[in-house]
Amino acid sequence: MKNLIYILLLLILPMLAFSQQMPHYSLYMLNDVVVNPSLISTKSENKIALMVRNQWTGFEGAPKTQSISYYNINHTKFGRGISIVNDNTGPISMISGTLSGSYEVPMEKNQLSIGLSANILQYKINNSDIILENDGVIDPAMNAGVADKVMGNSASIGVNYFSNKFNVGASVINVVNSDLNLSNTGVENALVNHYYLNSSYKFSTSSGLDIIPSIMFKKIGSSPLQLDVNIKTSINNTIWGGLSYRTNDAVIAMLGFNFSDYRLGYSYDVTTTKINIPSY
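Predicted model, so just to flag it, every value in this text is computed and none were measured.

Cut-offs applied
Every chain begins its residue count from 1, and numbering advances along the sequence as written. Reporting of local features is limited, given that this is a predicted model, to residues whose pLDDT is at least 70; pairs of side-chain atoms are given and counted only at 80 or more, and all residues count toward the totals for whole chains, interfaces and linings. Side-chain metrics in this entry use all non-hydrogen atoms of the structure; hydrogen atoms and water are not considered. What counts as a helix is a DSSP run of H or I of at least four residues, what counts as a strand is a run of E of at least two, and both are numbered from the N terminus. Think of it in three bands: residues with accessible area under 20% of the maximum for their type are buried, residues over 50% are exposed, and the middle band is partly exposed, with areas taken using a 1.4 Å probe on protein chains only. Every residue pair with non-hydrogen atoms within 4.5 Å of one another is taken to be in contact. For every accessible area listed, the method is Shrake-Rupley and the probe measures 1.4 Å; residues are considered covered only by the protein chains on display. Any carboxyl oxygen of Asp or Glu within 4 Å of a side-chain nitrogen of Lys or Arg constitutes a salt bridge here. What pLDDT reports is the predictor's confidence in each residue, on a scale of 0 through 100. Side-chain atoms alone can form a polar contact between residues adjacent in sequence; in general such a contact is a pair of N or O atoms within 3.5 Å, and within protein one must be able to donate a hydrogen while the other accepts it. In short, DSSP must find at least two bridges between two strands for them to pair. For this analysis, a nonpolar core means a set of buried residues of the types Ala, Val, Leu, Ile, Met, Phe, Trp, Tyr and Cys, connected via side-chain atoms within 4.5 Å. Each patch is built from salt-bridge-free residues with over 30% relative accessible area, joining like charges within 9 Å and nonpolar side chains (Val, Leu, Ile, Met, Phe, Trp, Tyr) within 5 Å.

How would you summarise the overall build of the protein if you had to cite specific residues and measurements?
Of regular secondary structure, the protein possesses three helices and 14 strands. Looking at the protein residue by residue over its 280 residues, the buried ones come to 42%. A sequence separation of at least 24 residues applies to 50% of the contacts in the protein between residues at least 6 apart. On the protein, roughly 15,200 Å² of surface is accessible, and the fraction owed to carbon and sulfur atoms is 61%.

The structure is reproduced here in structure tokens:
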């Protein structure tokens with residue numbers, strides 16, 4: 001199985017310019033700044049967020065992601081944030097650091113914020129973990145040589161219109177980025193643009209029940225448009241749960257609780273594609 005995963009990764013290596021993606025999250029609503037820097041302005045207090053994700057558990061070499069973020073909103077108009085992300089998939093790993101800022105535009109009704117972020121990252125490829133199949137097919141990227149370690153940078157932008165009941169936001173991740181120079185084939189290896197459009201609304205009852213439906217459209221490079229439909233229910237702002245559906249990917253169950261100044265959440269993806277048999 002290990003060899004199979006590495007062979008699959010090797011097959012997509014020459015197409016990095018078209019398919020590179022930032023890490024994937026299911027509980028992004030608990031740390032939504034990762035998809036839109038302008039959402040810092042929606043926070044009501046300073047925040048530290050720790051996220052851990054293991055994707056396709058059961059596959060050796062499957063994606064594993066860890067991140068830690070800090071957001072400071074002490075300024076009346078400017079919100080600031082910093083995050084560090086570590087992402088590993090088989091022989092490929094990435095670590096990145098991001099500085100984010102959000103500015104709240106004065107408005108008579110509701111609120112509007114604009115956000116920017118700057119990111120520096122390091123891609124590493126452990127060539128000793130890559131096993132080539134001796135089938136007579138030559139991979140031009142591997143034949144020309146793949147760099148063990150490369151540095152890159154990118155910038156992102158986002159906008160968000162919101163109140164204490166709803167929000168509508170849009171963002172472009174990697175709107176400006178550098179060439180990663182992963183191989184000597186002459187093919188550009190730049191991070192692709194990630195487009196996000198999201199919206200949510202909060203329904204509250206006198207009994208302390210909150211129901212929050214939300215939706216997100218995602219477009220990453222040349223990949224098909226993807227849709228996330230979510231519903232989250234909270235009881236007295238203490239215990240919460242929810243369900244999500246991600247088109248052509250998974251159904252997601254979510255559960256969590258809030259206590260004092262802390263929030264804890266867990267999600268489980270039930271893969272709806274053919275990969276659901278060997279993964280769990």
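Here the narrative resumes.
Give me the lowdown on the pattern of salt bridges, citing residues and values where you can.
Scanning the entire structure with this criterion turns up seven salt bridges. As a salt-bridge pair, K202 and D210 come within 3.8 Å of each other at their nearest N and O atoms. K202 sits in the partly exposed class, given a relative accessible area of 29%. Classification of D210 by relative accessible area gives buried; the value is 13%. The shortest N-O distance in the salt bridge between R246 and D269 comes to 3.6 Å.

How would you summarise the confidence of the model for the protein if you had to cite specific residues and measurements?
Of the residues in the protein, 85% reach a pLDDT of 70 or more, and the chain-wide mean stands at 85. For the protein, the element scoring lowest by mean pLDDT is helix α2 (residues 16–19), at 37; strand β12 (residues 239–246) scores highest, at 96. Note that residues 1–20 has pLDDT below 50 and, in this model, 45 contacts with residues that lie over four places away or in other chains.

Account for the side chain of T65, with residues named and values stated.
Of note, T65 is situated in strand β2 (residues 64–72). At 2.4 Å, the side chain of T65 and the side chain of D87 are in polar contact. Beyond its immediate sequence surroundings of up to four residues, T65 is in contact with P23, Y25, M51, V52, R53, V85, N86 and D87.

Before we move on, can you summarise the pairing of strand β11 (residues 226–235) with the specific residues and values?
Only one face of β11 is covered, namely the one carrying Q226, D228, N230, K232 and S234; the face carrying L227, V229, I231, T233 and I235 has none of its residues buried. Where strand β10 (residues 209–220) hands over to β11, the hairpin turn is made up of five residues, of which G221 adopts a positive phi near 55°. The hairpin formed by β11 and β12 contains three residues between the paired strands, and N236 there has a positive phi angle of roughly 55°.

Residues and numbers for the nonpolar core, please.
Formed by 18 residues in total, the largest nonpolar core has its most connected members in L121, Y123, L180 and L191. Residue assignment for this core shows that the elements contributing at least two residues are β4 (92–105) and β5 (111–125). Looking at this core element by element, the count peaks at three residues for β5.

Would you mind going over a nonpolar patch on the surface in detail, with residue names and values included?
On the surface, a nonpolar cluster with roughly 950 Å² of combined accessible area is contributed by V168, L197, I215, F217, L225, V229, Y245, V251, Y266, Y268 and V270. Elements with a minimum of two residues in the nonpolar patch: β10 and β14 (262–271). Ranked by residues supplied to the nonpolar patch, first place goes to β14 with three residues. Topologically, Y245 is positioned in strand β12.

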